[in-house]
Amino acid sequence: MSSGQNFARWFRGAAPAPAQPLERARTAPRISRRCIGLGEFTHDLRGSEEHKPCVLDMGPTSPANITFLADRSLRIYNEDILRAARDPSFLARQEDGSQRIDADKFFAENVAYPQNHFDAILFWDVADYLPEEVVRPLVDRMHAILRPKGSLLAFFHSKDAGLDSPYCRYHIVKPDTLELEPEPGPRLQRIFNNRHIENLFLDFGSRKFFLGRDNIREVLVVR
Amino acid sequence: MWKPRPEDNRPTVNPPQPSQPSAPPVAASAPAVVAQPKETPKPVVESRADVGHIGKSVVIRGELTGNEDLYLDGEIEGTVNLRDHKLVIGPNGKIKATITARDLVLHGRVEGNIHASERVELKRSCSLHGDVSTQRIAIEDGAYFKGAIDIKEHKETRTESRKPMAAVAGGLSNGGSSSVGSGPTLSASSGTQGSFLEPK
């Protein structure tokens, strides 16, 4: 079968795209991506010298994001929750011999903010890569620290993305445009379907889904 | 027709230095030639003398205050106060302190809040766990930061530069961009299912 036919099959969804090794992602350039969810998320997100809304970025430190948010007179908080979750000091040995994150210890040192502190949270696709025992408590914690009517932007891979989907850092370059920078290391832990996502954010007021062409669903959640 | 007088053919000599008015011409010119190369590095020596240096083997617990720029490569626990001066924390620096300075350049590790009246630079090798309050901040790609950033707008500089700066220094691996729709994604093997089917 020719490569053109392969591509046509893949484009129609009839065949999986050929798997790419992770090594390839290490040298991959940044990919520009239009992001409707981000456009809605940032639409009304602007502060002033007198009042600076608080925004929590839960991805790796991104100079571009800090520049973008600072230009909007926002107070920026940065916490790379996935990096924290990979810290072996939070691991506790279970009865069956396996090691899992001690959630109490983990949340005593991470995402520890007062209630209703944030006006917005950039959650990115962190939930897809976090260990399972941390996901639900983290969403509960985010519900607590997000003020009512505050918004949260999350991404979820669809099942077509595949488990070898590279972990990406997200850099905001325009209000509705991101640059994705593949980074080696974290692996996709699970695939959430729409019902999982609905249940995950059940305590929040509303959830709005945007399906991209790159097997990533954007979800804008309002508390 | 004007003809040059013999004394006009003499090479022009530098006017006598005010500091050496009484010295004979020959004696004055000789040291001047020797002194010239010595004078050029002098400002460098002076500027180095203005910067304090704390080496990597030094450990300080308590309050560190100063009225000069400081390069800090050791360990400090307590407070650092260089209100009107520049602080550079070297790659070996491990600081657990609240830091007050005019400018801060961070290569090492800091746990504590930073108050910089003008500028903060976070280099790629650095790790900062604390809140930053400053007018301008520059963060290199690769720097680790956990905390809050509050950009203060200084009233005096408002007319010069309205926007706060959070610049990216070099070293970004920003290769050629391509749109998402144009490239295939990775393999579509089914993943493990999340365990959030049932509501809480």
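Attention in this report is confined to the structure presented alongside it. (Residues numbered from 1 in each chain as written. Chains lettered and ligands numbered in written order. Predicted model: local features only at pLDDT ≥ 70, side-chain atom pairs only at ≥ 80, totals over all residues. Heavy atoms only, no water.)

Turning our attention to the pattern of salt bridges. Scanning the entire structure with this criterion turns up 24 salt bridges over all chains. Of the charged contacts, one joins R33 of chain A and E218 of chain A as a salt bridge, the two residues approaching to 2.6 Å between their closest N and O atoms. You can see R33 of chain A sitting in strand β1 (residues 31-34) and its partner E218 of chain A sitting in strand β11 (residues 216-222), a full 185 residues away along the chain. On the accessibility criterion, E218 of chain A (3% relative accessible area) is buried. One salt bridge connects R169 of chain A with E181 of chain A, and the closest N-O pair in it is separated by 3.8 Å. Placement of the pair is R169 of chain A in strand β8 (residues 167-174) and E181 of chain A in strand β9 (residues 177-183), with a sequence separation of twelve residues. Like E181 of chain A, R169 of chain A is buried. Each of the salt bridges in this network shares a partner with another, and the network as a whole consists of R30, R169, E179, E181 and E183 of chain A together with D141 of chain B. (Salt bridge = Lys/Arg side-chain N within 4 Å of Asp/Glu carboxyl O. Helix = DSSP H or I, 4+ residues; strand = E, 2+ residues; numbered from the N terminus. Buried < 20%, exposed > 50% of the residue type's maximum accessible area, 1.4 Å probe, protein only.)

Glancing now at empty space enclosed by the protein. All names here are of chain A. On inspection of all chains with the given rule, the structure shows three cavities of 30 Å³ or more. Within this model, the largest cavity holds a volume of roughly 60 Å³. If you trace the largest cavity, you find it lined by G59, P60, S62, N65, W124, D125, V126, Y167, C168, R169, Y170 and H171. Take the lining of the largest cavity: its biggest share by element is five residues, from β8. Of the residues contributing to the lining of the largest cavity, the split by class is six nonpolar, four polar and two charged. (1 Å grid on protein atoms, 1.4 Å probe; cavity = no way out; pocket = protein on both sides within 12 Å on 5 of 7 lines; lining within 4 Å. Points joined across faces, edges and corners; volume = space filled by probe spheres on them. Nonpolar A, V, L, I, M, F, W, Y, C, P; charged D, E, K, R; others polar.)

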